[in-house]
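Chain by chain, the residues run as shown.
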Amino acid sequence: MQGISRVFDLLKHNKANFNYNDVLAYKTDAKWVKYSCEDFIRIANQVSKGLIKRGIKKDDKVAIMAENRPEWNFCDFGIMQIGATQVPMYPTLAENDIKFILKDAEVKIVFVSSEALYNKVKHIADLNGQDIGIFTFDVVTGASHWLEITEGHEDQTEIDLEEYRKQITEDDLLTLIYTSGTTGTPKGVMLTHKNLLSNIEGSARLYPEGVTRALSFLPLSHIFERMVVYMYFYLGISVYYAESLDTIVQNLSEVKPHCFTAVPRLLEKVYDKIVAKGHELTGIKKSLFFWALNLGLKYELDGANGSWYELQLKIARKLIFKKWKEALGGEIMLIVSGGASLQERLARVFWGAGIKVLEGYGLTETSPVIAVNGPRKGQTRFGTVGKPLFNVEVKIAEDGEILCKGPSLMKGYYKRDDATQEAITDGGWFHTGDIGKLTDGFLAITDRKKEVFKTAGGKYVSPQVLETKFKESIYIEQVMVIGENRRFPSALIVPNYEKVIEWARRNQINETDHEQLAKNQKVIDMIWSEVDRLNADFGKWEKVKKIALLTHEFTIDGGELTPKLSLKRKVILSNNQGLIEELYQDEEHHEI
């Protein structure tokens, strides 16, 4: 990455090496508005000058709380190139978390997207007794608009931004990201320019030639999407922001991206919708669909299934799987999956369809990628998160915990030397809190260290492994396995009510109310039969012996999920304490 030592150098690199007019694009009023690199640099410079005029200095904290849109990037680069620190905040954050972050980081200015967020942040800042400048991306009556920051700075020469840039080194703080995690008070992760650039360099090597257009919809507030978007600037890949999660299908057909990043849950939903359409077919079309699907589920990499299989697959791709690719825009080359465990069968069937899904792994503290599968021969192994990046070292501790070190490892936790010393031990090894194993250089994650529990009989159970398996059922939307210090594991299950209602109708149960369905013994028995089937490969002590059906999904707003959709286990346990006690009130092991 010659000549790039700070993240804002990416724009100079992009302008010098690529010539395209859609570095960023966003749909508004039914039209795609595109920004060139020159546009990007001009607007970011105006933001920088406006912030300087408002007294923002090196190391001051400026927050952005908004959905993905070009203004996010303009402000991000405007903040970083004067040496201030950007604090990203999820638009879905709970009030307590917002209150803590604004105070802990001593935020001076906040950019928010909407009126609702403006009112929320203003209310909390007033409660904190903080005098914070709040600027909105949308036009909001009575609020300061973000363009007020840029106004009057187009031709201003009294501020020489190059003088500010010169004061910034690769070891300076780029961003302060608060991780809510699954428990406890948010911790501010300090990431430098070097941290992000080293991760970009390690990840960029995996992108093949010909990838020039990406759709982005995972939140920029999370380091995964943010690093990837920086990498797109480095590689000359156009970034198109989806309007919302509800418009992804339409946006895919419009943008025809070559790549995008996703979380497993989204891929599960895509797969389930495709299979549901297959069930609607009749006759030869239906037979062909499920022949192709079963072929895809048996896919092995690099032609390992032999020439007869490859010939059949070629036919299946032409007749059936071509339509899968068309549903994703028609030109998709690869999808990178992160944030949670990807079901192996999903990876197989997408690869079988000619869509390379690359599962990766990392944490905010590691900027974030530690390991990822690649698109070329020998770079992927199903059931793993790939090989560690070339500039990241990984080893497995005696207790199975994954340790890593390298230039992408955080500077530490903000104002939390105690937590930093606990996480990073002698020799600079970071304790990830995940359990895993290395085989032929490929890393496999088996569970979260803190989430592995011991039953009353002294046997260890890895809930995530069970949960990932159970979600293979089309009737199970979400699941949490419990059983710490209990006689056996049980599961709290949120059914996929759309599928359950269809099943109920086919079985002469005319009921659509979630509460009634969750109590219906036939429905309980059906879900139990799914659990029992998927339980089969686990040890006797691991098998789920009882289930309880919940009526509402776990959500971020409800406090049961983190912003990256991980289960907040303590919250879910607390919210369902009565139900859990009922599960364990007698000795008998059976479904309820």
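Since we're looking at a predicted model, the values are computed, not measured. All chains use their own residue numbering, which begins from 1 and follows the written sequence. Thresholds applied to this predicted model are a pLDDT of at least 70 for local features of residues and 80 or more for the giving and counting of side-chain atom pairs; totals over whole chains, interfaces and linings are not thresholded and use all residues. Heavy atoms from the whole structure form the basis of all side-chain values; hydrogens and water molecules are not counted.

Student: Describe the packing of helix α2 (residues 37-53) against helix α3 (residues 70-80), with residues and values.
Tutor: Only the stretch in contact is used when a helix axis is fitted, and all axes are lines through C-alpha atoms; the angle between N-to-C directions ranges over 0 to 180 degrees. Every helix listed is a DSSP run of H or I at least four residues long, and every strand listed is a run of E at least two residues long, numbered separately from the N terminus. Direction vectors running N to C along α2 and α3 enclose 55°, while the axes themselves pass 8 Å from each other. Between α2 and α3, the angle is such that the two are oblique. The chirality of how α2 crosses α3 is right-handed. Residues F40, I43, A44, V47, S48 and L51 of α2 touch α3, and the partners they reach there are N73, F74, C75, F77, G78 and I79. Ten residues, namely Ala, Val, Leu, Ile, Met, Phe, Trp, Tyr, Cys and Pro, are considered nonpolar, four, namely Asp, Glu, Lys and Arg, are considered charged, and the remaining ones, Gly among them, are considered polar. Class assignment for the residues of the contact of α2 with α3 results in 9 nonpolar, 3 polar and no charged. Roughly parallel covers angles under 35 degrees, roughly antiparallel covers those over 145, roughly perpendicular covers 65 to 115, and oblique covers all other angles. Should the near helix be turned counterclockwise from the far one by less than a right angle, the crossing is left-handed, whereas a clockwise turn marks it as right-handed. When checking whether two residues touch, look at their non-hydrogen atoms; a contact exists if any pair is within 4.5 Å.

Student: Please give an account of the sheet that holds strand β15 (residues 369-372) that cites residues and values.
Tutor: Each pair of strands is called paired provided DSSP finds at least two bridges between the two strands. Ordered in space as β2-β1-β11-β10-β12-β13-β14-β15-β16, the 9 strands form an open sheet in which the pairing is mixed. Each end of this open sheet is capped by a strand with a single partner; those strands are β2 (31-35) and β16 (387-388). In the sheet, β15 pairs with β16 via 2 bridges, with the strands oriented antiparallel. Among the inter-strand pairings, A371 is bridged to a residue of β16, identified as P388. Relative to the sheet, helix α9 (residues 223-235) contacts β1 (24-28), β10 (213-216), β11 (238-241), β12 (259-262), β13 (334-337) and β15, its axis offset from that of β12 by approximately 165°.

Student: Could you give an account of the packing of aromatic side chains, naming the residues involved and the relevant values?
Tutor: Pairing of aromatic side chains requires ring centres within 6.5 Å, counting the rings of Phe and Tyr and the six-membered ring of Trp. Pairs whose planes differ by under 30 degrees are stacked, by over 60 edge-to-face, and all others tilted. Counting across every chain of the model gives 21 aromatic pairs. On the basis of an interplanar angle of 80° and a centroid distance of 6.3 Å, the ring pair of W351 and F382 is categorised as edge-to-face. Of this pair, W351 sits in helix α14 (residues 344-352) while F382 sits in the loop between β15 and β16, and the two are 31 residues apart along the sequence. Neither W351 nor F382 differs from the other in exposure class; each is buried. Only when the NZ of Lys or the CZ of Arg is both within 6 Å of the ring centre and within 35 degrees of the ring normal is a charge said to sit over the ring. The ring of F390 has R205 sitting right over it, with the charged end atom 3.6 Å from the ring centre. The side chain of K459 reaches across the aromatic face of W541, ending 5.2 Å from its centre. Exposure categories follow from relative accessible area, calculated using a 1.4 Å probe and restricted to protein chains: below 20% of the type maximum is buried, above 50% is exposed, and the middle band is partly exposed.

Student: I'd like a rundown of the nonpolar core, residues and numbers included.
Tutor: In this description, a nonpolar core means a group of buried Ala, Val, Leu, Ile, Met, Phe, Trp, Tyr and Cys residues linked to one another through side-chain atoms lying within 4.5 Å. Core analysis: the biggest nonpolar cluster contains 127 residues, and F77, F111, Y207, Y230, Y232 and W324 have the highest contact counts within it. If one sorts the elements of this core by residue count, α9 sits on top with 10 residues. Discounting chain neighbours no more than four positions away, the residues touching Y232 are Y20, Y207, A214, I237, V239, C259, F260 and T261. F453, F470, I476 and I524 belong to the second largest nonpolar core, which has 29 residues in total.

Student: Describe the confidence of the model for the protein chain, and please don't skip the residues or the numbers.
Tutor: Residues of the protein chain with pLDDT of at least 70 account for 97%, and the chain-wide mean is 93. Residue-level confidence of the predictor is what pLDDT reports, using numbers from 0 through 100. pLDDT under 50 marks residues 587-592. Its contacts with residues more than four places away, or in other chains, come to 17 contacts.

Student: How would you explain empty space enclosed by the protein if you had to name every residue and give the values?
Tutor: A pocket, in this scheme, is an open set of points on a 1 Å grid over the protein atoms alone with protein on both sides within 12 Å along at least 5 of 7 lines, while a cavity is a set where a 1.4 Å probe fits but cannot get out; residues line either one if an atom lies within 4 Å of a point. Grid points are joined across faces, edges and corners, and a volume is the space filled by probe spheres set on the points. What the rule picks out here adds up to 3 cavities of 30 Å³ or more. Looking at the largest cavity, the residues that line it are R265, E268, K269, D272, K471, S473, I474, I476, E477 and N496. Secondary-structure elements contributing two or more residues to the lining of the largest cavity are α11 (264-280) and β25 (476-482). With 4 residues, the top contributor of residues to the lining of the largest cavity is α11. A volume near 60 Å³ is recorded for the second largest cavity. In this structure, the second largest cavity is lined by L342, Q343, E344, A347, V357, E359, N373, T380, R381, F382, G383 and T384. Counting only elements with at least two residues in the lining of the second largest cavity, the list comes to α14 and β14 (356-362). Classifying every residue of the lining of the second largest cavity by side-chain character gives 4 nonpolar, 5 polar and 3 charged.

Student: Lay out α9 in plain terms, naming residues and giving numbers.
Tutor: Working rule for helices: expected span equals 1.5 Å times residues minus one. Its 13 residues give α9 an end-to-end C-alpha distance of 18 Å, which sits within 8% of 18 Å, the value for a rise of 1.5 Å per residue. α9 sits mainly inside the fold: 12 of its 13 residues count as buried. Residues of α9 that are buried: I223, F224, E225, R226, M227, V228, V229, Y230, M231, Y232, F233 and Y234. Remark: G236 follows α9 within two positions and exhibits a positive phi of approximately 75°.

Student: Can you tell me about the environment of L252, naming the residues and giving the values?
Tutor: Here L252 lies in helix α10 (residues 248-255). Here L252 falls in the buried class, since its relative accessible area comes to 3%. Each C-alpha atom, one on L252 and one on C75, is 26 Å from the other, the two residues being 177 residues apart in sequence. The residues touching L252, leaving out its near neighbours within four places in the chain, are L215, P257, F260, A327, L328 and G329.

Student: Requested: an account of helix α13 (residues 307-327), with residues and values cited.
Tutor: Counted at 1.5 Å a residue, the expected span for α13 with its 21 residues is 30 Å, and the 28 Å between its end C-alpha atoms agrees. Of all the bends found along α13, the most pronounced is centred on I320 and spans about 55°. Within the sequence span of α13, burial applies to Y309, Q312, L313, A316, I320, F321 and W324. On the buried face of α13, the contacting elements are α11, α12 (283-297) and α14. Working definition for bend: take the seven residues up to and ending at a residue and the seven starting at it, fit an axis to each, and measure the angle between the axes.

Student: If you had to explain the pattern of salt bridges to someone new, which residues and values would you point to?
Tutor: Counted as salt bridges are all cases of a side-chain nitrogen of Lys or Arg within 4 Å of a carboxyl oxygen of Asp or Glu. A complete count under the given rule lists 25 salt bridges for this structure. Between D39 and R42 there is a salt bridge whose closest N-O contact spans 3.5 Å. With a gap of 3 residues between them, D39 and R42 both fall in helix α2, about one helical turn apart. Of the residues examined, D39 reaches a relative accessible area of 22% and is grouped as partly exposed. Overlapping salt bridges bring together K27, E243 and E254 as one network.

Student: Account for the sheet that holds strand β26 (residues 490-495), with residues named and values stated.
Tutor: Read across the open sheet, the 3 strands follow the order β25-β26-β27; overall the sheet is mixed. Sheet topology places β25 and β27 (546-549) at the edges, where each strand pairs with a single neighbour. Each strand axis lies, on average, 25° off the axis of its neighbour in the sheet, ignoring direction. Pairing of β25 with β26, which is carried by 6 bridges, proceeds in the antiparallel orientation. Directly across from Q478, in β26, lies its bridge partner V494. Across the face of the sheet, helix α19 (residues 521-535) comes into contact with β25, β26 and β27 while running at roughly 130° to β27.

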